[in-house]
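The chain contents come next:
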Amino acid sequence: RMLPTLSSASIRCVLFDLGGVVFDSPISFVREFEIIKGYKKDSINRAFSRSKNWKKLEEGKIGQDEFCERMILEGLLSKGVTVSDLRQIMRGISSVMRPR
């Protein structure tokens with residue numbers, strides 16, 4: 001039985017999962033940051049994964065500075081995590097994101 005073929009006109013969208021697939025995952029960098037700063041293991045990564053603002057950052061709807069400020073206000077982070085910490089994480093993630 002022949003499967004129907006797709007024409008290029010029928011393809012409307014192609015999605016790519018970049019983090020951890022095309023590029024190294026930022027999770028390892030954040031985990032190292034937590035250790036260095038003495039934060040609970042995976043507390044920042046968990047906060048990012050639960051955050052509506054992380055999704056907005058990934059979609060390009062907000063920039064890094066706005067994300068950092070919103071994360072503090074969202075209340076998902078461990079006590080003591082600062083906007084400065086988050087900005088440092090964002091810079092670090094940018095520096096380690098390289099193709100696999």
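Cut-offs used in this document
- Residues numbered from 1 in each chain as written.
- Predicted model: local features only at pLDDT ≥ 70, side-chain atom pairs only at ≥ 80, totals over all residues.
- Heavy atoms only, no water.
- Helix = DSSP H or I, 4+ residues; strand = E, 2+ residues; numbered from the N terminus.
- Buried < 20%, exposed > 50% of the residue type's maximum accessible area, 1.4 Å probe, protein only.
- Contact = heavy atoms within 4.5 Å.
- Areas by Shrake-Rupley, 256 points an atom, 1.4 Å probe, with all protein chains shown as cover.
- Axes fitted to C-alpha atoms, helices over the stretch in contact; angles between N-to-C directions.
- Parallel < 35°, antiparallel > 145°, perpendicular 65-115°, else oblique.
- Nonpolar A, V, L, I, M, F, W, Y, C, P; charged D, E, K, R; others polar.

Participant: Account for the overall build of the chain, with residues named and values stated.
Facilitator: The helix and strand inventory of the chain stands at five helices and zero strands. Moving toward the C terminus, one meets the helices and strands of the chain in the order α-α-α-α-α. Out of the 100 residues belonging to the chain, those deemed buried represent 27%. Intrachain contacts of the chain at a sequence separation of at least 6 include 51% that bridge at least 24 residues. In the form shown here, the chain has an accessible surface area of approximately 7,400 Å², with 55% of it arising from carbon and sulfur atoms.

Participant: Could you give an account of helix α2 (residues 43–50), with specific residues and numbers?
Facilitator: Looking at α2, one finds that the buried residues are Ser 43, Ile 44, Asn 45, Ala 47 and Phe 48. On the buried face of α2, the contacting elements are α1 (27–37), α3 (52–58), α4 (64–74) and α5 (83–96).

Participant: Describe the environment of Phe 29, naming the residues involved and giving the relevant values.
Facilitator: Within the secondary structure, Phe 29 sits in helix α1. In this structure, the C-alpha to C-alpha distance between Phe 29 and Gly 92, residues 63 residues apart in sequence, is 7.2 Å. Aside from chain neighbours lying at most four places away, what touches Phe 29 is Gln 88, Ile 89, Gly 92, Ile 93 and Val 96.

Participant: Account for the packing of α1 against α2, with residues named and values stated.
Facilitator: Contact pair α1 / α2: the axes reach a minimum separation of 8 Å and the direction vectors enclose 135°. In this view, α1 runs oblique relative to α2, as classed from their interaxial angle. Packed against α1, whose contacting residues are Ile 27, Val 30, Arg 31, Phe 33 and Glu 34, the element α2 presents Ser 43, Ile 44, Asn 45 and Phe 48 at the interface. Its residues placed into classes, the contact of α1 with α2 shows five nonpolar, two polar and two charged.

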